[in-house]
Structure formats: structure tokens, C-alpha cells
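Okay, here's what each chain looks like letter by letter:
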Amino acid sequence: MSASLTTVPLELLYHGYDGTAGFTGFANEGTWIIFAVILVPVYIMLAAWFLGEPRDTKSGLLGVGYLVGLTTSMWVGMFILTVLIGIVFYGGPPEPFSAVGPP
């Protein structure tokens, strides 16, 4: 009876799909599109803070600090959620922490 109780959560949570080998690393296509295309207005805004007139270095550095803080909190949050989703729905942590696919 106890052996069947330990396999029930795995059978309920794991859906049977295999991992995506070689595609789930950090710098894949989506990462390059985000940094090279989507964030161009942010790059222009950052340049304008320091190159435009009137220049206010203190406000520019404050803005950069806010952007870095928001970006860091979003990336860390997405990373933690990715690991949790991998453990709960895919039977194990994602690729950097384990082999590809379920254990």
C-alpha cells in the first residue's frame, strides 16, 4: 500500500512529455530577440538620459538603478518559477540542474 502511495503524486503530476534537448538553455532565439529588438526603445531612453539636454546624472543613475532592480527581480522570479514548474509538471528540475527530460 505504501509503495502505491509514493507513485501516485508522480502519476498525477507528470504528464509524460519528454524534455526539449538542446533548446532550453539561456541564450536561445527568444533571448536574442528580446535583447536585440524589443529593448531598443529602452536603450534609446538610457542613452537620452546621459547624452540629452539638460543632463542630470543623478536622475539618470537613479533610473538605471530602478531598471536594473526591476529586471533582476523579474529574471530571478521567472527562474524560480521555471524550476518549480519543471519539478511539479515535468518530473524534475530543468536542464541546467539535471539531465534533459524526466528522471
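Coordinates for the structure precede this section.
Residues numbered from 1 in each chain as written. Predicted model: local features only at pLDDT ≥ 70, side-chain atom pairs only at ≥ 80, totals over all residues. Heavy atoms only, no water.

S.K.: Please clarify how the overall build of the protein should be interpreted in this entry.
M.R.: Helix and strand counts for the protein stand at 4 helices and 0 strands. In the protein, the order of α-helices and β-strands from amino to carboxyl end is α-α-α-α. Across the 103 residues in the protein, those meeting the buried criterion constitute 7%. Within the protein, residue pairs in contact and separated by at least 24 positions form 51% of the contacts whose partners lie at least 6 positions apart. As displayed, the protein offers around 8,100 Å² of accessible surface, 76% of which is attributable to carbon and sulfur atoms. (Helix = DSSP H or I, 4+ residues; strand = E, 2+ residues; numbered from the N terminus. Buried < 20%, exposed > 50% of the residue type's maximum accessible area, 1.4 Å probe, protein only. Contact = heavy atoms within 4.5 Å. Areas by Shrake-Rupley, 256 points an atom, 1.4 Å probe, with all protein chains shown as cover.)

S.K.: What exactly am I supposed to notice about the packing of helix 3 (residues 40-51) against helix 4 (residues 57-90) here?
M.R.: How two helices pack is summed up by the angle between their axes together with the distance between the axes. At their nearest, the axes of helix 3 and helix 4 sit 8 Å apart, and the two run at 155° to each other. Relative to helix 4, the element helix 3 is oriented roughly antiparallel. Mapping the contact onto sequence places Val42, Met45, Leu46, Trp49 and Phe50 in helix 3 and Thr57, Gly60, Leu61, Gly63, Val64 and Leu67 in helix 4. Partitioned by chemical class, the residues of the contact of helix 3 with helix 4 number 8 nonpolar, 3 polar and no charged. (Axes fitted to C-alpha atoms, helices over the stretch in contact; angles between N-to-C directions. Parallel < 35°, antiparallel > 145°, perpendicular 65-115°, else oblique. Nonpolar A, V, L, I, M, F, W, Y, C, P; charged D, E, K, R; others polar.)

S.K.: Explain a nonpolar patch on the surface here, please?
M.R.: Taken together, the side chains of Ile33, Ile34, Phe35, Val37, Ile38, Val40, Tyr43, Ile44, Met74, Trp75 and Met78 make up a nonpolar region of the molecular surface, amounting to roughly 1,000 Å² of accessible area. Mapped onto the nonpolar patch, the elements with two or more residues apiece are helix 2 (29-38), helix 3 and helix 4. At 5 residues, the largest contribution of residues to the nonpolar patch is made by helix 2. Relative accessible area serves as the criterion here: at 39%, Tyr43 is assigned to the partly exposed category. (Patch = residues over 30% accessible without salt bridge, like charges linked within 9 Å, V, L, I, M, F, W, Y side chains within 5 Å. Salt bridge = Lys/Arg side-chain N within 4 Å of Asp/Glu carboxyl O.)

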